[in-house]
Amino acid sequence: MTASELRRKYITFFESKGHARIQGKSLLPDNDPTVLFTTAGMHPLVPYLLGQEHPAGQRLVNSQKCIRTGDIESVGDPSHLTFFEMLGNWSLGDYFKEGAIEMSFEFLTDPRWLGIPVEKLGVTVFSGELGIPRDDESAAIWRRLGIPENRIAYLPRADNWWGPAGSAGPCGPDTEMFYYTGDAPCGPECKPGCACGKWLEIWNNVFMQYNKNSAGEYEPLARKCVDTGMGVERVVAILNGKASVYETEFFAGLLKAVEAASGHVYGTDEDRDSSARILCEHARASTFILGDPRAVSPSNVGAGYVLRRLLRRALRHASKLGIDGSGGPVLSPLARLLAEETRDDWPELGENIERIAEELDREEKKFLETLQKGEREFEKLLPGLMKNPRRVMSGRLAFKLYDTYGFPVELTEELARENGLSVDSAEFDEAFRKHQETSRAGVGVFKGGLVDSGDAALRYHTATHLLHQALRQVLGTHVAQKGSNITAERMRFDFAHPAPMTETEIASVQAIVNEQIARDLPVSHQSMSLDAAKESGAIALFGEKYEDVVKVYSIGEGESLFAREVCGGPHAPSTGALGKFTIQKEQSSSAGVRRIRAVLE
Ligand code: SER
């Protein structure tokens, strides 16, 4: 079965069940500050899931282009993609668990539709958390339809809960359908999540019952909804008896083109196969981003930065396959091929192909020069690095590659990993910060970002620790301080984060900081070895070159401990005297680095 046939069947099936077909939307969301890309079919439907009337009715069906980059490091394995198509059926206050599961089961197993043998299917349901009980209702429906109890896995929120797509919005427990990609489940208890690793998720029914508001609370929705998502590439793979999406129509032509350009025969070397998959996948995703009516260009911020990362990672893997651009452009021929192959399904690619090719060629030319220089320099350094008994490349060297050749540190890390080395990223961050500070004209170098140790500066310095921790809580632990600058009137704080913060995120961070100020937490410090500091959970990315014994500042203590950081000090004695913390501005500082300006009043 082809993707077109699957799409047609899905839509026909749900139309026969009273659903109206609606058009998929742009990959780049309109009017939604909480996400960079459309990550699921539910995205453009959020207002309706929250209660608005949809003009087409309460039962809808659609196909939606999606981009997800959370899994970018997994791309290269047989099932993960950054770009994919999702088919979905929607109930806006109409059917709920029973109707949704019955229709899913019928579409999957009935020979008139997909005809998948029931023995190949397993499901997961929500095991209960957050005061919400285990979803026994869904499990009972599955059992009644013929899925045996030993193929039903009960999994927690991390697996069986969906949404919100951004920081706030509709969400709820889900039940997911899996297909066994081996011959037959490996034993009587083999169910999704089994260590045999052969269950592939193909479809998800989400029971939207809550709205997570901007304060992080779950409010029950007045009108319960169903949001489902079926991954087209994965289902086409299994229906054609393939264990991998890369062995199907989506990648056959692209992989062949890569074989021809590189001379590598797919299937003969796992490392090179993985590079070929990454190259094809990222070329495909980038072509769809550039071919979108709301296309962005590669840049250093937001969606443009994600696109740039995809393109650069693709080119790096092309170069590993020996395709270095000397034989002509690498990516635009893949884009042309894809546009040609999918002209019936995705005419926007063909219509925009000249612009797509031009953008790809421009970015490629810029990057290949950087890449070649950087890789050459890395090769020169390698023999020396291999002699290092700790197998660590110093952050200063990584910074030199970045500073002199523009070689991105992610790529240095990837090259290092391939050679069994790691990069001292704390030292890289420190060098990066110093560089930023010295390059700020007329500002001078401030030790630890501190201009003086007047009272105001002390208060601001303590506020940077609160802010750093609050950012890590709200945005994730990838947030690392890249620099700070304090005067008696305000603070600036630079940190690694790939996207602009949403208003909700800014409001949450500000609220967390003010909460710690209101708690009047004591600020204390202790000296300890760097290892002990790291063990105690202290953030240790920043500061002067660490000595063997470092100072660790804690804000709060025991149960009230909020933040702990390796730092030279000095600080305010407690948070109570800091004043009211207000974020005035959040903006880009450089590639992948955001800057916050805040005041204490
Ligand atoms: N939103 C859910 C998902 O992406 C179902 O469509 O899996």
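Conventions and cut-offs
- Residues numbered from 1 in each chain as written.
- Predicted model: local features only at pLDDT ≥ 70, side-chain atom pairs only at ≥ 80, totals over all residues.
- Heavy atoms only, no water.
- Helix = DSSP H or I, 4+ residues; strand = E, 2+ residues; numbered from the N terminus.
- Rg over C-alpha atoms; globule rule 2.2 N^0.38 Å.
- Buried < 20%, exposed > 50% of the residue type's maximum accessible area, 1.4 Å probe, protein only.
- Contact = heavy atoms within 4.5 Å.
- Areas by Shrake-Rupley, 256 points an atom, 1.4 Å probe, with all protein chains shown as cover.
- Pairing = 2+ DSSP bridges.
- Axes fitted to C-alpha atoms, helices over the stretch in contact; angles between N-to-C directions.
- Arc of directions from axis to C-beta.
- Near = heavy atom within 4 Å.
- Polar contact = N/O pair within 3.5 Å; in protein donor to acceptor, adjacent residues only side chain to side chain.
- Nonpolar A, V, L, I, M, F, W, Y, C, P; charged D, E, K, R; others polar.
- Core = buried A, V, L, I, M, F, W, Y, C linked by side-chain atoms within 4.5 Å.
- Salt bridge = Lys/Arg side-chain N within 4 Å of Asp/Glu carboxyl O.
- Phe/Tyr/Trp six-rings, centres within 6.5 Å; stacked < 30°, edge-to-face > 60°.
- Lys NZ or Arg CZ within 6 Å of the ring centre and 35° of its normal.
- Expected span 1.5 Å × (residues − 1).

(A) Geometry of the overall build of the protein chain. In terms of helices and strands, the protein chain carries 17 helices and 18 strands. Taken over C-alpha atoms, the radius of gyration comes to 26 Å for the protein chain, in line with the 25 Å a tight globule of 601 residues would show. Dimensions along the principal axes, computed over C-alpha positions, put the protein chain at roughly 75 × 60 × 45 Å. Each of the 601 residues in the protein chain was classed as buried or not, and the buried ones make up 54%. Considering only contacts within the protein chain whose residues lie at least 6 apart along the sequence, 70% involve residues at least 24 apart. Split by element, the accessible area of the protein chain, about 25100 Å² in all, is 49% carbon and sulfur.

(B) Summary view of the sheet that holds strand E18 (residues 593-600). An order of E12-E13-E18-E17 is seen for the 4 strands of this open sheet, with the pairing classed as antiparallel. Where the open sheet ends on each side, the last strands, each with one partner, are strand E12 (481-486) and strand E17 (581-590). Strand-to-strand twist in this sheet, taken as the mean axis angle between neighbours without regard to direction, amounts to 20 degrees. Summarising the sheet, E12 and strand E13 (residues 491-496) pair through 5 bridges and their orientation is antiparallel.

(C) Representation of helix H12 (residues 395-405). Residues Gly-395, Ala-398, Phe-399 and Leu-401 constitute the buried set of H12. Taken end-on, H12 shows its buried residues confined to a sector of 155 degrees, consistent with a single buried face. Facing away from the buried side of H12 by over 90 degrees, the exposed positions are Arg-396 and Lys-400. Downstream of H12 by a residue or two, Gly-406 has a phi angle that is positive, lying close to 70 degrees.

(D) The arrangement of the sheet that holds strand E14 (residues 523-529) in detail. Pairing is antiparallel in the open sheet, where 3 strands are placed in the order E14-E15-E16. Where the open sheet ends on each side, the last strands, each with one partner, are E14 and strand E16 (563-566). Geometrically, the sheet is characterised by an average inter-axis angle of 25 degrees between neighbouring strands, direction not taken into account. When E14 meets strand E15 (residues 549-555), the two strands line up antiparallel, connected through 7 bridges. When the sheet's bridge partners are listed, Val-523 is paired in E15 with Ile-555.

(E) Quick peek at the site of the ligand. For the ligand, the full set of nearby residues is Ala-40, Met-42, Arg-68, Met-86, Trp-162, Asn-204, Val-206, Asp-227, Thr-228 and Gly-229. Gly-229 has a polar backbone atom sitting 3.1 Å from an oxygen atom of the ligand. Within the complex, the protein chains bury 97% of what would otherwise be the 230 Å² of accessible surface of the ligand. If you tally residues by element for the shell around the ligand, the top one is strand E9 (residues 218-231), at 3 residues. Looking at side-chain class alone, the shell around the ligand contains 5 nonpolar, 3 polar and 2 charged residues.

(F) Main features of the pairing of strand E5 (residues 152-155). Pairing of strand E4 (residues 121-126) with E5, which is carried by 4 bridges, proceeds in the parallel orientation. Bridging across to E5, Thr-124 finds its partner in Ala-153.

(G) The arrangement of the nonpolar core in detail. By size, the foremost hydrophobic cluster in this structure holds 125 residues, and its most contacted members are Met-230 and Leu-279. Excluding anything up to four places from it in sequence, Met-230 contacts Leu-6, Tyr-10, Glu-85, Met-86, Leu-87, Phe-107, Leu-108, Leu-114, Ile-202, Trp-203 and Val-235. Core analysis: the next-biggest nonpolar cluster, separate from the first, contains 34 residues, Tyr-460, Val-509, Ala-563 and Ala-572 among them.

(H) Representation of the side chain of Lys-65. Relative to the helices and strands, Lys-65 is located in strand E2 (residues 59-67). Within the local environment of Lys-65, its side chain forms a polar contact with the side chain of Asp-292, the two groups lying 3.5 Å apart. Separated by 2.6 Å, the side chains of Lys-65 and Glu-348 make a polar contact. Once residues within four sequence positions are removed from consideration, Lys-65 is found in contact with Lys-25, Leu-27, Thr-38, Phe-83, Phe-84, Phe-288, Asp-292, Trp-346 and Glu-348.

(I) Geometry of the pattern of salt bridges. Throughout the structure, instances matching the rule amount to 32 salt bridges. Across the pair Arg-362 and Glu-358 runs a salt bridge whose closest N-O atoms are separated by 3.8 Å. Here the residue Arg-362 and the residue Glu-358 both occupy positions in helix H11 (residues 353-386), the gap between them amounting to 4 residues, near one helical turn. On the accessibility criterion, Arg-362 (48% relative accessible area) is partly exposed. Salt bridges sharing common partners tie together Lys-17, Glu-106, Asp-110 and Arg-112.

(J) A look at the environment of Phe-83. Among the structural elements, Phe-83 can be located in strand E3 (residues 83-92). Along the chain, Phe-83 and Thr-69 lie 14 residues apart, while their C-alpha atoms are 8.5 Å from each other. Non-local contacts of Phe-83, meaning those with residues more than four positions away in its chain, are made with Leu-27, Lys-65, Cys-66, Ile-67, Glu-233, Glu-281, Arg-284, Ala-285 and Phe-288.

(K) Seen up close, the packing of aromatic side chains. Enumeration over the complete set of coordinates arrives at 23 aromatic pairs. Ring geometry for Phe-107 versus Trp-113: centroids 6.2 Å apart, planes at 40 degrees, classification tilted. On the basis of relative accessibility, which here comes to 0%, the residue Phe-107 falls in the buried class. Ring geometry for Tyr-210 against Tyr-218: centres 6.4 Å apart, planes inclined by 90 degrees, an arrangement best described as edge-to-face. Note on Tyr-210: relative accessible area 14%, which makes it buried. Look at Tyr-218 and you get partly exposed, because its relative accessible area is 26%. One residue, Arg-134, lies across the ring of Tyr-154, its end atom 3.7 Å from the ring centre. Between the NZ or CZ atom of Arg-277 and the centre of the ring of Tyr-246, over which it lies, the distance is 5.9 Å.

(L) Quick look at the side chain of His-264. As for its placement among the helices and strands, His-264 is situated in the loop between helix H6 (249-262) and helix H7 (270-290). Classification of His-264 as buried rests on a relative accessible area of 7%.

(M) Broad picture of the pairing of E2. For E2, the buried fraction is high: 8 of the 9 residues fall into the buried class. Looking at chain direction, strand E1 (residues 20-21) and E2 are connected through 2 bridges and run parallel. Considered in E2, the bridge of Arg-21 is made with Val-61. As paired strands, E2 and E3 are joined by 9 bridges and run antiparallel to one another. In the sheet register, Val-61 faces E3, and the bridge partner there is Asn-89.

(N) Here's a closer look at helix H8 (residues 302-320). The terminal C-alpha atoms of H8 lie 28 Å apart, and with 19 residues this matches the ideal 27 Å at 1.5 Å per residue to within 8%. Within H8, 15 of the 19 residues are buried, which leaves the element mostly enclosed by the surrounding structure. Gly-322 lies just past H8 and shows a positive phi near 85 degrees.

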